[in-house]
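Structure assessment
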Amino acid sequence: MALQKTIERDCTFSGSGFICDQQVQVTLSPAGVDEGIRFIRTDLEGAPEIPVHPRAQVSVEHCTTLQNGDAKVLVVEHLLAACFALGVTNLKISVNGLELPTCDGSSLPWAELINNAGVCEQGRQARQIVLKHPVYVTSSDGSFILALPSDTPIFEYLLDYSQDPEIGCSFASVKPDRDDLLRTLLPARTFIMENEALAALDAGKIRSTDEKLGLVIREGRQPALRMPGELARHKILDMMGDLYVLGARLQARCIGVKSGHKLNAQLVRELSARYPR
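This is a predicted model, so every value here is computed, not measured.

Procedures and definitions
Residues numbered from 1 in each chain as written. Predicted model: local features only at pLDDT ≥ 70, side-chain atom pairs only at ≥ 80, totals over all residues. Heavy atoms only, no water. Salt bridge = Lys/Arg side-chain N within 4 Å of Asp/Glu carboxyl O. Helix = DSSP H or I, 4+ residues; strand = E, 2+ residues; numbered from the N terminus. Buried < 20%, exposed > 50% of the residue type's maximum accessible area, 1.4 Å probe, protein only.

1. Regarding the pattern of salt bridges
- Scanning the entire structure with this criterion turns up 11 salt bridges.
- Note that Arg38 is salt-bridged to Glu49, the shortest N-O span being 3.0 Å. Placement of Arg38 in strand E4 (residues 37–41) and of Glu49 in strand E5 (residues 49–51) is noted, with a sequence separation of 11 residues between them.
- The class for Glu49 is partly exposed, based on a relative accessible area of 38%.
- As a salt-bridge pair, Arg189 and Glu230 come within 2.8 Å of each other at their nearest N and O atoms. Here Arg189 is found in the loop between helix H3 (181–184) and strand E16 (191–193), whereas its partner Glu230 is found in helix H5 (residues 230–243), with 41 residues between them in sequence. Neither Arg189 nor Glu230 differs from the other in exposure class; each is buried.
- Shared partners join several salt bridges into a network, and the residues in it are Glu35, Arg38 and Glu49.

Structure follows, in structure tokens:
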């Protein structure tokens, strides 16, 4: 059974995101045993805290949001995926804005920041959810996630963009207990088709299409990928980060087919009802 972990010292990162396009500063700080992971909005009166907890999860189209009262924080999934990969269970995250930096669209910069701060065990067992029975969530468009009992965590994803040959179809499978996630998963970047990005920009859903924040894929051009199956792997990264909102390491085989943040959030609700904190 894994032990709880936090970081050894404070570390700070600054950057902007694709939704708000505003420069923010994020400081990660050690947290005590059983404190869990929580965000602190230092720019708001009283510095309200937002716990990483299923009751705080709000799903929107392009990211995962956590909210407590009027305080919220956007795009938490990439940082939480890094925490999952490194086993960090207790952490204070102070942020002076609404949206976390997108970095390069992957979780690798967050993982490097955490590793540079040092990760230490805290002598008490970390919470784990061992799935006992299958759980299935689906959407009207045919996308779904199937979670099955498993002896070890496994995340699998089928990406199907048949209508966009630049992306096409791909499949990825990740075993966190066996794979080197710093090499095979965390560098996988978020992506969007250029026409979708421009439409979201016109609709006010995002404020930046800066290609430094992820892959913007143009019609008729094959994207330059960091690794085979990078796009499907990023979907697994998102799923991993979203499910860490459970406040526990999920031992299950999770199979996503064309799913995204909304179905991830639905699965969190189903699992939190069956395995309450």
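Once the structure has been displayed, the description carries forward.
2. What to know about unusual backbone geometry
- For Asp34, which is not glycine, the phi dihedral falls at a positive 65°.
- One non-glycine residue with positive phi stands out, namely Cys103, at about 55°.
- Counting through the fold element by element, Cys103 comes out in the loop between strand E9 (91–95) and helix H2 (108–117).
- A residue is classified by how much of its surface remains accessible, and Cys103, at 13% relative accessible area, is buried.

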